[in-house]
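One letter stands for each residue in the lines below.
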Amino acid sequence: NIAQGGDDIRGVTDAVAVHIGVQRDLCEGDAGSLRRGQRDQQQRHTHRQPLQAALAAAVERAVGAAYRAGAATIELCAAMHLDGLTPSQDCIAAARRAFGSRPGLMVMIRPRAGDFCYSPAELALMLAQIEAAAAAGADGVVFGVLQAADQRIDMAASQSLVAAAGGRGLKTTMHRAFDATPDP
């Protein structure tokens, strides 16, 4: 892990996970705003923009360090204290700038903390997050969806997300939801 823009890259191998755990909702993007509901717009815009810019700069430094170390893959996510959520489009764009044209910028698609069983509204948000990740320069997305009834992989939802990613030229990888299944 390279956290908060540090250049200490001891132990970097082929893949590096960049986890920026600053403030809970800074890099959560649309998922955070969906959960928070209606907040005072003036307060959000007054405080969020400078913090988002600082976070994007930290992401750019961290990914830049991984790039200089020769990392082949970056998995970008936000809110590691919540086991990783979808980063904002600004953070993805900052990571893309730092990783240059090297392929391998993989973005976590996870709209909320907790289990991996998502409602139809959350799946729609995940589709929008895939589109946003592609627009910001991601090479691929990392996600996992399980069925609430038996914790097995939700094949229909997974196929929908894979198709959306593929339609935008993104690679796909299943994340640790796979480990939560009774029979992977």
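One structure accompanies this document, and this report is about it.

## Re the environment of arginine 112
Tracing the backbone through its elements, the reader meets arginine 112 in the loop between strand S3 (105-108) and helix H4 (120-136). Arginine 112 sits 10 residues away from glutamate 122 along the chain, and the two C-alpha atoms are 8.6 Å apart. A polar contact of 2.9 Å, which involves the side chain of arginine 112, links it to the side chain of aspartate 115.

## Some remarks on helix H5 (residues 155-167)
With 13 residues, H5 extends 18 Å from end C-alpha to end C-alpha; this agrees with the ideal 18 Å at 1.5 Å per step. For H5, every residue scored as buried is listed here: Ala157, Ser158, Leu161, Ala164 and Ala165. Viewed along the axis of H5, the buried residues span an arc of 125°, placing them on a single side of the element. Pointing more than 90 degrees away from the buried face of H5 are the exposed residues Ala156, Gln159 and Gly167. Where H5 is buried, its residues meet H4, strand S4 (140-143) and strand S5 (171-174). One side-chain oxygen at the N-terminal end of H5 lies 3.3 Å from the backbone nitrogen of alanine 156; it belongs to aspartate 154.

## Some remarks on the packing of aromatic side chains
Across all of its chains, the model carries 1 aromatic pair by this definition. Arranged with centres 6.0 Å apart and planes meeting at 75°, the rings of tyrosine 67 and phenylalanine 99 form a pair that is edge-to-face. Remark: phenylalanine 99 occurs in helix H3 (residues 89-99) and tyrosine 67 occurs in helix H2 (residues 41-68); sequence separation between them is 32 residues. Given a relative accessible area of 33%, tyrosine 67 falls into the partly exposed group. On the basis of relative accessible area, phenylalanine 99 is assigned to the buried category, the value being 0%. The positively charged end of arginine 102 is found above the aromatic ring belonging to phenylalanine 99, 5.5 Å away from the centroid.

## Side note on the nonpolar core
Ranked by size, the top nonpolar core spans 35 residues in total, and within it Ile109, Met126 and Val141 carry the most contacts. For this core, the elements supplying multiple residues, two or more each, are H2, strand S2 (73-78), H3, S3, H4, S4 and H5. For this core, the element with the most residues is H3, which contributes 6 residues. In contact with valine 141, other than residues within four places in its own chain, are Met106, Val107, Ile109, Ile130, Ala133, Ala165, Leu170, Lys171, Thr172 and Thr173.

## Examining the pattern of salt bridges
This structure, assessed with the given rule, holds 7 salt bridges. Note that aspartate 139 is salt-bridged to arginine 96, the shortest N-O span being 2.8 Å. With aspartate 139 in the loop between H4 and S4 and arginine 96 in helix H3, the pair connects residues that are 43 residues apart, well separated along the chain. A salt bridge links glutamate 131 to arginine 168; the nearest nitrogen and oxygen atoms lie 3.2 Å apart. Pair noted here: glutamate 131 is in helix H4 and arginine 168 is in the loop between H5 and S5, with a separation of 37 residues, a long-range link.

## Topic: the side chain of threonine 181
Relative to the helices and strands, threonine 181 resides in the segment after S5. Under the relative-accessibility criterion, threonine 181 is labelled buried at 9%. Setting aside chain neighbours within four positions, we find threonine 181 in contact with Leu146, Gln151, Arg152 and Ile153.

## Some details on the side chain of threonine 86
For threonine 86, the position within the fold is in the loop between S2 and H3. In terms of polar contacts, threonine 86 uses its side chain to reach the backbone amide nitrogen of arginine 110, at 2.7 Å. A distance of 3.0 Å separates the side chain of threonine 86 from the side chain of glutamine 129, its partner in a polar contact.

## With respect to the packing of H3 against H4
Close contact between H3 and H4 brings their axes to 8 Å; oriented N to C, the two are set at 35°. Regarding H3 and H4, the two cross each other, and that crossing is right-handed. Contacts between H3 and H4 involve Gln89, Ile92, Ala93 and Arg96 from the former and Ala132, Ala133, Ala135 and Ala136 from the latter. Grouping the constituent residues of the contact of H3 with H4 by class yields 6 nonpolar, 1 polar and 1 charged.

Reading guide: rules and limits
Residue indices begin from 1 for each chain and proceed along its sequence in written order. Where local features are concerned, this predicted model is filtered to residues with pLDDT of at least 70; where side-chain atom pairs are given and counted, the filter is 80 or more; whole-chain, interface and lining totals use all residues. To obtain the side-chain values, all non-hydrogen atoms of the structure were used and water was disregarded. Secondary structure elements are defined from DSSP: runs of H or I of at least 4 residues count as helices, runs of E of at least 2 residues count as strands, and each element is numbered from the N terminus. Any N or O atom pair separated by 3.5 Å or less is treated as a polar contact, with the protein-specific requirement of one donor-capable and one acceptor-capable atom, and with residues adjacent in sequence counted only for side-chain atom pairs. The span expected for a helix works out to 1.5 Å for each residue beyond the first. Using a 1.4 Å probe on the protein chains alone, a residue whose accessible area is under 20% of its type maximum counts as buried, one over 50% counts as exposed, and one in between counts as partly exposed. To obtain the arc, one takes the directions from the helix axis to the C-beta atoms. Working rule for contacts: check all heavy atoms of both residues, and any pair within 4.5 Å makes them a contact. The aromatic pairing rule takes the rings of Phe, Tyr and Trp, using the six-membered ring of Trp, and pairs them if the centres are within 6.5 Å, calling planes under 30 degrees apart stacked, those over 60 edge-to-face and the rest tilted. A ring is scored as having a charge over it whenever the NZ atom of a lysine or the CZ atom of an arginine sits within 6 Å of its centre and within 35 degrees of its normal. Residues belong to a common nonpolar core when they are buried Ala, Val, Leu, Ile, Met, Phe, Trp, Tyr or Cys residues joined through side-chain atoms within 4.5 Å. We define a salt bridge as a side-chain nitrogen of Lys or Arg found within 4 Å of a carboxyl oxygen belonging to Asp or Glu. Working convention: axes come from line fits to C-alpha atoms, limited for helices to the stretch in contact. Angles between N-to-C directions cover 0 to 180 degrees. Crossings are classed by handedness, with left-handed meaning an anticlockwise turn of the near helix from the far one by less than a right angle and right-handed meaning a clockwise turn. Ten residues, namely Ala, Val, Leu, Ile, Met, Phe, Trp, Tyr, Cys and Pro, are considered nonpolar, four, namely Asp, Glu, Lys and Arg, are considered charged, and the remaining ones, Gly among them, are considered polar.

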